[in-house]
Amino acid sequence: GGATGGGSTTPGTCAMPFSLPFTAQGATVSGATSGTNVLASGSCGGGFSPENVYAFTQANTDAFMVTVAPTATSMLRPLIYVRSACATTPDVACVGMSQNVARTLRIPSLPAGDYFLIVDGSAQMSMGSQGAYNFTAFQGTPPGDTCMQGARLVDLSSPSITYAGDTTGLTQDEVAVSCGGSPG
């Protein structure tokens, strides 16, 4: 994709990365790799697909997690990689696969510093993969990942409660004794 160190003025490249707007709830972004440059690849693939580059600062050594999900009509087979220098260093971490499904990259302890998050497409297809996506990134523990941040059920007197949630990307960091559940 478009991750080069050159003088490109195209948004979403190393020369002009998008900024990640982190809040206490993380950073939520919608984007598309269609039409961007096709110049970079990560240690887990890429190279024939366009990518977008996002810049962020990790203020403290802490966990970092991002989940990239292609939209329903997208042909994107996501690859995600993080680098400390956009085009000139190896990946800090990289994850991807050749299916059109959501991918999550987890870095348990990312040192404080400036980084680049690159959303790329798998090169498994003859012309690569590209398209629209949504992603959510977290610095530190994602909301709801500990007992103290758990969702509160409002009517515990009801004989039956149905509660839907998604633990995708959360860390198994609690045991049966501390939260009242079972590991897994």
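Residues numbered from 1 in each chain as written. Predicted model: local features only at pLDDT ≥ 70, side-chain atom pairs only at ≥ 80, totals over all residues. Heavy atoms only, no water.

**What about the overall build of the chain?**
Helix and strand content of the chain: one helix and 11 strands. Written out in order from the N terminus, the α and β elements of the chain read β-β-β-β-β-β-β-β-β-β-β-α. Looking at the chain as a whole, 36% of its 184 residues qualify as buried. In the chain, once contacts between residues fewer than 6 apart in sequence are set aside, the share between residues at least 24 apart is 74%. Carbon and sulfur atoms form 54% of the exposed surface of the chain, whose accessible area is close to 9800 Å². (Helix = DSSP H or I, 4+ residues; strand = E, 2+ residues; numbered from the N terminus. Buried < 20%, exposed > 50% of the residue type's maximum accessible area, 1.4 Å probe, protein only. Contact = heavy atoms within 4.5 Å. Areas by Shrake-Rupley, 256 points an atom, 1.4 Å probe, with all protein chains shown as cover.)

**A closer look at the confidence of the model for the chain**
Do not read the fine detail of predicted coordinates wherever pLDDT is low. For the chain, the average pLDDT comes to 77, and 65% of its residues sit at 70 or higher. Considering only residues more than four positions removed or in separate chains, one finds that residues 1-7, a stretch of pLDDT under 50, has 29 contacts. Every residue in residues 173-184 is under pLDDT 50, and counting partners more than four places away or in other chains gives 14 contacts. (pLDDT = per-residue confidence, 0-100.)

**Things to note about the sheet that holds strand β1 (residues 18-19)**
The strands that make up a sheet pair up through hydrogen bonds in the backbone, lying either parallel or antiparallel. Here we have five strands laid out as an open sheet, ordered β1-β5-β10-β7-β8, and mixed in their pairing. Here the strands that pair on one side only, and so sit at the sheet edges, are β1 and β8 (93-96). In terms of strand pairing, strand β7 (residues 78-83) meets β8 through four bridges, oriented antiparallel. The residue of β8 that forms the bridge with Val82 is Ala93. (Pairing = 2+ DSSP bridges.)

**Focus on the side chain of Ser49**
Of note, Ser49 is situated in the loop between β4 (45-46) and β5 (52-58). Residue class for Ser49 comes out buried when judged on its relative accessible area of 0%. One polar contact links the side chain of Ser49 to the main-chain carbonyl oxygen of Gly121, over a distance of 3.2 Å. (Polar contact = N/O pair within 3.5 Å; in protein donor to acceptor, adjacent residues only side chain to side chain.)

**A short note on the sheet that holds strand β6 (residues 62-70)**
Taken in spatial order, the four strands of this open sheet run β2-β11-β6-β9, and their pairing is antiparallel. The two strands at the open ends of the sheet, each matched to only one other strand, are β2 (27-32) and β9 (103-110). Averaged over all pairs of adjacent strands, the angle between strand axes in this sheet comes to 15 degrees, irrespective of strand direction. By the bridge criterion, six bridges tie β6 to β9 in an arrangement that is antiparallel. Residue Val68 lies in a different strand from β9, and its bridge partner there is Arg103. (Axes fitted to C-alpha atoms, helices over the stretch in contact; angles between N-to-C directions.)

**Considering the environment of Tyr81**
Examined against the element boundaries, Tyr81 turns out to sit in strand β7. A relative accessible area of 0% places Tyr81 in the buried class. Along the chain, Tyr81 and Gly45 lie 36 residues apart, while their C-alpha atoms are 9.6 Å from each other. A polar contact of 2.7 Å, which involves the side chain of Tyr81, links it to the side chain of Asp120.

**Concerning the pattern of salt bridges**
All told, the structure shown has one salt bridge when counted by the stated rule. We note a salt bridge from Arg83 to Asp91, for which the minimum N-O separation is 2.7 Å. A residue is classified by how much of its surface remains accessible, and Asp91, at 16% relative accessible area, is buried. (Salt bridge = Lys/Arg side-chain N within 4 Å of Asp/Glu carboxyl O.)

**Here's the deal with the nonpolar core**
Across soluble globular proteins, you tend to see nonpolar side chains buried next to one another. Within the largest apolar cluster, 22 residues are counted, with the highest numbers of intra-cluster contacts made by Val66, Leu117 and Phe135. At the level of secondary structure, the elements contributing two or more residues to this core comprise β2, β5, β6, β7, β8, β9, β10 (113-121) and β11 (132-139). Within the second largest apolar cluster, six residues are counted, among which are Cys14, Cys86, Phe116 and Ile118. (Core = buried A, V, L, I, M, F, W, Y, C linked by side-chain atoms within 4.5 Å.)

**Some details on the packing of aromatic side chains**
Applying the stated criterion across every chain, the model contains seven aromatic pairs. Measuring from ring centre to ring centre gives 6.5 Å for Phe22 and Phe64, while their planes differ by 70 degrees; the resulting arrangement is edge-to-face. Of this pair, Phe22 sits in the loop between β1 and β2 while Phe64 sits in strand β6; the two residues are 42 residues apart in sequence, bridging distant segments of the chain. We classify Phe22 as partly exposed; its relative accessible area is 23%. For the ring pair Tyr54 and Phe135, a centre distance of 5.1 Å and an interplane angle of 85 degrees mean the geometry is edge-to-face. Taken together, the residues Tyr54 in strand β5 and Phe135 in strand β11 connect sequence positions 81 residues apart. Assigned by exposure class, Tyr54 and Phe135 land together as buried. Feature note: the residues Phe18, Tyr54, Tyr133 and Phe135 constitute an aromatic cluster, connected by ring pairs. (Phe/Tyr/Trp six-rings, centres within 6.5 Å; stacked < 30°, edge-to-face > 60°.)

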